[in-house]
Amino acid sequence: MAAVAKPELVRVPPTYAEITHDISATLGKPGRTYYLLLASAIVIMLWGAAALLWQVRYGLGVAGYRPPVMWGVYITTFVFWVGIAHSGTLVSAILYLFRSAWRTAVYRTAEVMTVFAVMTAGLFPLIHVGRIWYAYWLIPYPNQRQLWVNFKSPLLWDVFAVTTYFTVSATFLIVGLIPDIASVRDVASGWRKKLYSITSLAWRGTDQQWRHYTRAYLYLAALATPLVLSVHSVVSWDFAMSIVPGWHTTIFAPYFVAGAIYSGCALVITLLVPLRKVFKLERYIHEDHFENLAKLLLLTGMLVGYAYGSEYFIAWYSGNDAERSSFWFRAFGQYWWATWTMLICNGFLPLFLWFKKIRRSIPAMFVLSLFINLGMWFERFVIIVVSLSHEYEPYAMGHYTPSWVDWSILLGSFGWFFMWFLLFAKNFPMVSIAEVKEIIPMPRKERTHA
Amino acid sequence: MKRPPAGVLAAFQHVDAAASGIRQVKQQGCKDFTVYCPVPNFEILQAVGHRVSPVRLWTLIGGLTGFASGYAMTMWMSYDYPIVVGGKALGSIPPYIVIMFELTILLGALATIAGLIFHTFQTHRAAHYDPRFTNDLIGVFVPCSPERQKAVEQLLRGAGATEVRVEQ
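The rules behind the values
Residues numbered from 1 in each chain as written. Chains lettered and ligands numbered in written order. Predicted model: local features only at pLDDT ≥ 70, side-chain atom pairs only at ≥ 80, totals over all residues. Heavy atoms only, no water. Helix = DSSP H or I, 4+ residues; strand = E, 2+ residues; numbered from the N terminus. Rg over C-alpha atoms; globule rule 2.2 N^0.38 Å. Contact = heavy atoms within 4.5 Å. Areas by Shrake-Rupley, 256 points an atom, 1.4 Å probe, with all protein chains shown as cover. Salt bridge = Lys/Arg side-chain N within 4 Å of Asp/Glu carboxyl O. Core = buried A, V, L, I, M, F, W, Y, C linked by side-chain atoms within 4.5 Å. Buried < 20%, exposed > 50% of the residue type's maximum accessible area, 1.4 Å probe, protein only. Expected span 1.5 Å × (residues − 1). Buried area = accessible area lost by both parts, 1.4 Å probe. Polar contact = N/O pair within 3.5 Å; in protein donor to acceptor, adjacent residues only side chain to side chain. Nonpolar A, V, L, I, M, F, W, Y, C, P; charged D, E, K, R; others polar. Patch = residues over 30% accessible without salt bridge, like charges linked within 9 Å, V, L, I, M, F, W, Y side chains within 5 Å. Phe/Tyr/Trp six-rings, centres within 6.5 Å; stacked < 30°, edge-to-face > 60°.

Participant: How should the overall build of chain A be read in this particular structure?
Facilitator: Helices and strands together make up the secondary structure of chain A, namely 15 helices and 0 strands. Taken against the 2.2 N^0.38 rule, which gives 22 Å for 450 residues, the C-alpha radius of gyration of chain A at 23 Å falls within 12% of a compact globule. Judged by the C-alpha coordinates and their principal axes, chain A covers about 80 × 55 × 45 Å. Partitioning the intrachain contacts of chain A with sequence separation of at least 6 by distance along the chain shows that 82% fall at a separation of at least 24. When the accessible area of chain A is evaluated, it comes to approximately 18900 Å², of which 70% is carbon and sulfur surface.

Now the structure itself:
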């Protein structure tokens with residue numbers, strides 16, 4: 001499993017008993033702030049649900065869709081949430097395969113974020129198609145019309161990519177949780193003891209259990225790893241396979257993957273900052289973790305910035321009038337505010353991460369992460385809405401303004417995400433007990449150089 | 001739940017002492033002992049000496065099945081409801097690679113979980129347990145007849161066990 005950590009990753013190494021105690025303590029009785037946050041998330045989610053019911057009752061016309069812009073806030077938000085998910089798998093699976101010790105304290109948060117982000121993303125194609133009750137038509141099943149789905153359509157690839165991603169990341173999360181739930185079970189009492197006795201699946205940490213578990217976990221990590229690259233590539237092909245100016249480009253897959261990891265890392269930081277404070281986990285999650293996440297942000301931010309530059313350069317260099325016009329429209333047309341928000345938040349602000357002082361400042365990282373998430377939502381808005389509103393023929397160009405229904409459902413998605421996240425955080429360990437223990441050598445009777 | 005057999009349950013604080021205890025138990029010819037550890041520790045697993053888990057075979061078979069079923073499903077459905085567009089081939093492999101890939105991963109992962117559950121249950125032994133084994137102690141349970149209990153107890157204490165108790 002994980003390699004032995006550099007000493008600074010766990011500054012004064014806690015004992016195994018302290019680790020169990022400190023992380024189990026996060027599952028204690030919630031305070032008023034927790035209930036307030038949870039209630040807020042539920043109210044926001046219900047507001048979004050009410051807007052959705054309104055749309056179901058009166059049809060998609062209540063959303064801001066007007067030809068030629070028939071993909072708006074819903075698809076933007078779908079891409080945003082799928083993107084968010086990616087860094088969770090990167091931290092939990094890829095860094096696991098690289099035996100990166102620093103991931104142990106933060107990967108659970110990232111993984112939980114992944115699962116709930118994909119759950120949120122999965123709602124949006126259903127909301128977008130309008131008649132939600134026909135969603136099962138997306139699945140290839142034998143039917144009386146003897147009709148099959150079109151496997152050549154990128155939209156169907158999405159169905160398979162997102163379903164697989166959700167299943168594999170949820171499985172990976174649950175498998176990783178089992179030893180931790182057993183640890184908590186053995187120190188819990190009351191109804192929690194019963195809950196953890198069931199959910200730990202009779203785990204006792206026997207030699208046979210570890211023998212099969214470590215192998216299974218390794219293979220699940222290996223299987224999840226290509227998904228980091230594939231899922232957002234498939235999402236990018238929803239656009240790149242069409243001939244809309246601004247979409248039809250080979251750079252889209254790597255551009256989307258870099259952007260996805262970038263936005264995901266930003267949300268991990270947004271979530272970790274309050275989490276470590278509220279749960280008193282400063283001993284386990286500290287500046288070194290934030291600095292490592294900041295380096296990931298810096299790398300992917302530079303890639304995203306390069307992709308922006310490359311897009312503009314190719315639009316000019318290609319000599320293609322439609323491409324040139326589309327990119328001119330992005331920067332100086334009706335949606336200039338969205339494009340400049342994206343460029344400033346994603347291209348300019350991450351340059352501050354070159355400074356070590358910023359990378360190690362938790363408040364600065366928190367503020368930066370919020371701006372990056374804002375910028376990444378606008379990136380998708382620019383790619384989708386602005387490109388569609390300015391295609392080839394001037395008579396077919398148009399403007400899209402999101403309605404209150406679009407905004408409410410967008411807001412509701414945050415309520416939905418945070419509701420699940422908060423419920424999980426108070427009932428299951430948000431830091432992996434077993435893996436944090438793993439990076440601390442077990443006590444030995446005889447001192448050796450091993 | 002099956003009642004665990006009688007035997008000796010020992011708790012170790014030190015990993016090298018536990019590994020030494022396990023090796024001595026094995027030397028005594030005992031094979032059906034159970035070791036508990038809060039983390040997967042290489043020294044302990046080496047002392048126990050299991051072969052590599054067969055779960056990997058499940059992953060391989062699941063992945064290959066996923067790939068094959070992805071190919072079969074896309075090709076068969078394309079020909080079962082033919083829509084010819086621009087005279088192009090009905091069974092067009094490049095776009096189907098996405099489906100084949102996704103099903104490889106999906107069935108590979110699901111088969112891994114099935115393998116994990118199957119082998120964990122198959123190799124499960126009823127054994128006495130202490131809740132501290134998921135916290136900070138390493139446990140060794142050696143099932144044995146009442147006449148051997150004294151010798152096993154002494155052996156484990158000699159290896160460095162901090163607690164040893166006889167379980168009936």
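Once you've had a look at it, read on.
Participant: Sorry if this is basic, but what is going on with the pattern of salt bridges here?
Facilitator: A side chain of one charge can pair with a side chain of the opposite charge if their charged atoms are brought near each other. Applying the stated criterion to the full structure yields 18 salt bridges over all chains. Between Lys356 of chain A and Glu291 of chain A there is a salt bridge whose closest N-O contact spans 3.5 Å. Note that Lys356 of chain A is positioned in helix α12 (residues 356-359) and Glu291 of chain A in helix α9 (residues 287-317), a separation of 65 residues in sequence. Taking the shortest distance from any N to any O, the salt bridge between Arg157 of chain B and Glu153 of chain B comes out at 3.5 Å. Note that Arg157 of chain B and Glu153 of chain B are positioned in helix α5 (residues 146-159) at a spacing of 4 residues, about one turn of the helix. What emerges from the salt-bridge pattern is a single network uniting Asp288, Glu291, Lys356, Arg359 and Arg360 of chain A.

Participant: Whenever I open this one, the nonpolar core confuses me. Can you help?
Facilitator: It is characteristic of soluble globular proteins that their nonpolar side chains tend to be buried jointly. Among the nonpolar cores identified, the biggest contains 169 residues, and Phe12 and Leu156 of chain B are the most heavily contacted of them. For Phe12 of chain B, the residues in contact, after removing those within four places along its chain, are Ala17, Ala18, Gly21, Leu137, Ile138, Val140, Leu156, Ala159, Gly160, Ala161 and Thr162 of chain B.

Participant: Help me understand helix α4 (residues 107-129) of chain A, please; the structure alone is not making it clear to me.
Facilitator: For an α-helix, 3.6 residues make a turn, and residues three or four places apart therefore share a direction. Residue and element names in this part refer to chain A. Helix length check: α4 (23 residues) gives 34 Å between terminal C-alpha atoms against 33 Å at 1.5 Å per residue, within 8%. Burial analysis of α4 places 17 of its 23 residues in the buried class, which makes it a mostly covered element. Once α4 finishes, Gly130 follows within two positions and takes phi at roughly 90°, a positive value.

Participant: What exactly am I supposed to notice about the interface of chain A and chain B here?
Facilitator: How big an interface is tends to be stated in terms of accessible area lost as the parts join. Contacts between the two partners involve 52 residues from chain A, matched on the other side by 61 residues from chain B. Counting each side, the surface lost to burial between chain A and chain B is near 5200 Å², with a carbon and sulfur contribution of 70%. A per-residue breakdown of the area chain A buries against chain B is headed by Trp148, Arg204 and Asp207 of chain A, which together make up 14% of the total. Summed over the shared surface of chain A and chain B, the result is 1 salt bridge. One salt bridge connects Glu43 of chain B with Arg444 of chain A, and the closest N-O pair in it is separated by 2.6 Å. At the boundary of chain A and chain B, one finds 21 residue pairs in polar contact (both at pLDDT 80 or more). Counting residues per element, the ones that place at least two in the side of chain A that touches chain B are α1 (16-24), α5 (154-185), α7 (207-240) and α15 (433-438) of chain A. Class assignment for the residues of the side of chain A that touches chain B results in 26 nonpolar, 13 polar and 13 charged.

Participant: Sorry if this is basic, but what is going on with unusual backbone geometry here?
Facilitator: Trans peptide bonds make up the majority, and among non-glycine residues the majority have a negative phi. Residues and elements named next belong to chain A. That bond from Pro67 to Pro68 is cis: its omega, 10°, falls within 30 degrees of zero. The residue Pro68 is located in the loop between α2 (32-58) and α3 (73-97) in this model. In this structure, Lys280 is a non-glycine residue whose phi angle is positive, near 55°. Along the chain, Lys280 turns up in the loop between α8 (252-278) and α9. Classification of Lys280 as exposed rests on a relative accessible area of 66%.

Participant: Help me understand a nonpolar patch on the surface, please; the structure alone is not making it clear to me.
Facilitator: All names here are of chain A. Together, Trp328, Phe332, Trp336, Trp337, Trp340, Ile344, Phe348, Leu351, Phe352, Trp354 and Phe355 give the surface a local cluster of nonpolar side chains, amounting to about 1300 Å² of exposed area. Considering each element in turn, the nonpolar patch owes the most residues, 5 residues, to helix α11 (residues 336-348). Mapped onto the elements, Phe332 comes out in helix α10 (residues 321-332). Take Phe332: its relative accessible area is 51%, and that puts it in the exposed class.

Participant: Just to check I follow, could you spell out the packing of aromatic side chains for this structure?
Facilitator: The geometry of an aromatic ring pair is captured by two quantities: the separation of the ring centres and the angle between the planes. Residues and elements named next belong to chain A. Across all of its chains, the model carries 59 aromatic pairs over all chains by this definition. Arranged with centres 6.0 Å apart and planes meeting at 90°, the rings of Tyr65 and Tyr74 form a pair that is edge-to-face. Here Tyr65 and Tyr74 have matching classes, each one buried. Plain terms: the ring middles of Tyr65 and Tyr400 are 6.4 Å apart, the flat faces sit at 25° to each other, and that makes the pair stacked. With Tyr65 in the loop between α2 and α3 and Tyr400 in the loop between α13 (362-388) and α14 (404-427), this pair connects stretches of sequence that are 335 residues apart. You'll find Tyr65 and Tyr400 in the same group, each marked buried. Site record: aromatic cluster; members linked through ring pairs are Tyr65, Tyr74, Phe124, Phe329, Tyr335, Trp337, Trp377, Phe378, Phe381, Tyr400 and Trp407.

Without other data, these values stay purely geometric and don't point to any function.
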